[in-house]
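Next come the chains, spelled out residue by residue.
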Amino acid sequence: MIAWLKNNRKTSYKGKLEIVKDKEVLLFHEYAYLYLGKNQHDKTVVFSLMNDEFADEDALFYLTLILNKKQFNQFKNNELGFVDLLKDAPVIYVSETNNDNELKAIFEYDFSEIPADDLPETNFKYEQIVHTVGIN
Amino acid sequence: MKFKFYKEKTKCECLQDSFEDYENVYVRLARLKEANPVMKVKDFKGQRENKDAEYFKEFDCKMTCGYLGISTNIWNEESQEIVKSKFERINLILSRKMKKVLVVFKLNGNAGKFVYAPIIGKNGMPDDIYHYDFYKSDEFDFETHFNELQQIDL
């Protein structure tokens, strides 16, 4: 468990963050580091792994954002990095999932409340993550 | 070599098309403590190898074998740049306290067997064609069989 997560910041997640279609895993190695998809309201939800030190305990913690169409396009077109999106978000969700990415708990925070050490190392952009290996 | 450990976990034929390899060099992503950056037994195990047979019943054989095998990448002239780039991308998104290294290694005789296991990514395109799962033999002993050659900072 991440030390700063507080039970009184838990929120209900039904329909809010659950991906119901178009799931895409953008970065995978043993488990999903970055993935996205559409929730039941047709909004894009992005999950970015904070760390994997709890993976053996069947618990992964993701910084999670709901993006509207404009924000998602700005991310996909590399106009905004992920940290830019976090800064702009009215609320940042921290999702706890099991290793199969089934939601176990969701917490709500403001950007200013997330410790700097738990933010991504860089303001990474979509094109830095998504690439295709050339094969002959 | 015997592989009773895996047979007790699943009926899947995880070692089909497996091979021994004590010549080529491989890498494994590891999270090591900055104060004592030494690869240990706990850093060389399948993602879910500690789960029991009941747990694996809900997964198909591809998933089950993937969870039991140890993820490695072959490390040679052709693969180095692409493999390193993949793990550098992981580091871009993780928080700064989660620094990782690539541990370059070779194995000694009777350590176990590799299975070629390319990872298929977005739109069915190969995301990692240099990926292999390694299955430890029942005789595997980390001190005896694991030969660390180098650590590469990401």
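Residues numbered from 1 in each chain as written. Chains lettered and ligands numbered in written order. Predicted model: local features only at pLDDT ≥ 70, side-chain atom pairs only at ≥ 80, totals over all residues.

A. Geometry of the overall build of chain B. On a plain count of helices and strands, chain B comes out with five helices and eight strands. Helices and strands appear in chain B in the N-to-C order α-β-α-α-β-α-β-β-β-β-β-α-β. Based on the C-alpha atoms only, the size of chain B along its principal axes is roughly 40 × 40 × 30 Å. Relative to its full complement of 154 residues, chain B shows a buried share of 32%. (Helix = DSSP H or I, 4+ residues; strand = E, 2+ residues; numbered from the N terminus. Buried ≥ 20, exposed ≤ 12 C-beta atoms within 10 Å, placed from the backbone.)

B. Main features of the interface of chain B and chain A. Every contact between the two is made by 22 residues of chain B and, on the other side, 25 residues of chain A. When contributions to the side of chain B that touches chain A are tallied by element, the ones reaching two or more residues are α4 (80-93) and β6 (126-128) of chain B. No other element matches the six residues that α4 of chain B contributes to the side of chain B that touches chain A. Counted by class, the side of chain B that touches chain A contains eleven nonpolar, five polar and six charged residues. (Contact = placed C-beta atoms within 7 Å. Nonpolar A, V, L, I, M, F, W, Y, C, P; charged D, E, K, R; others polar.)

C. Geometry of the sheet that holds strand β4 (residues 44-51) of chain A. Residue and element names in this part refer to chain A. Strands sit in the order β1-β7-β6-β5-β4-β3-β2 across an open sheet of seven strands; the sheet is antiparallel. One side of each edge strand has no neighbouring strand; the edge strands of this open sheet are β1 (10-11) and β2 (21-29). Judged from the six bridges that link them, β2 and strand β3 (residues 31-38) form a sheet pairing that is antiparallel. Counted as the bridge partner of Glu24 is Leu36 from β3. (Pairing = 2+ DSSP bridges.)

D. Highlighting helix α1 (residues 69-76) of chain A. Residues and elements named next belong to chain A. Gln71, Phe72 and Phe75 are the residues of α1 that are buried. Seen from one end, α1 has its buried residues packed into an arc of 100 degrees, which puts them on one side. In this structure, α1 carries Lys69 and Lys70 as exposed residues pointing more than 90 degrees from its buried face. Looking at the buried positions of α1, the neighbouring elements they touch are β4, β5 (60-67), α2 (82-88) and α3 (126-129). Immediately beyond the C-terminal end of α1, within one or two residues, lies Asn78, with a positive phi of roughly 65 degrees. (Arc of directions from axis to C-beta.)

E. Inspection of helix α3 (residues 61-68) of chain B at higher detail. Those residues of α3 of chain B that sit buried are Thr64, Cys65, Gly66, Tyr67 and Leu68 of chain B. Where α3 of chain B is buried, its residues touch α1 (4-7), α2 (53-56) and β7 (131-136) of chain B.

F. Summary view of unusual backbone geometry. Despite not being glycine, Asn101 of chain A shows a phi value in the positive range, around 65 degrees. By the secondary structure assignment, Asn101 of chain A is in the loop between β6 (92-97) and β7 (103-109). For Asn101 of chain A, a count of 16 C-beta atoms within 10 Å translates into the label partly exposed. At Asp17 of chain B, a position not held by glycine, the phi torsion is positive, near 60 degrees.

G. Highlighting the nonpolar core. By size, the foremost hydrophobic cluster in this structure holds 34 residues, and its most contacted members are Tyr33, Leu34, Leu49 and Tyr62 of chain A together with Ile93 of chain B. Here Tyr33 of chain A is in contact with Leu27, Phe28 and Leu49 of chain A together with Ile90 and Ile93 of chain B, once residues within four sequence places are set aside. One finds Leu29, Leu102, Leu107 and Ala111 of chain B within the second-largest nonpolar core, a separate group that totals 24 residues. (Core = buried A, V, L, I, M, F, W, Y, C linked by C-beta atoms within 7 Å.)

Coordinates in, geometry out; function isn't part of it.
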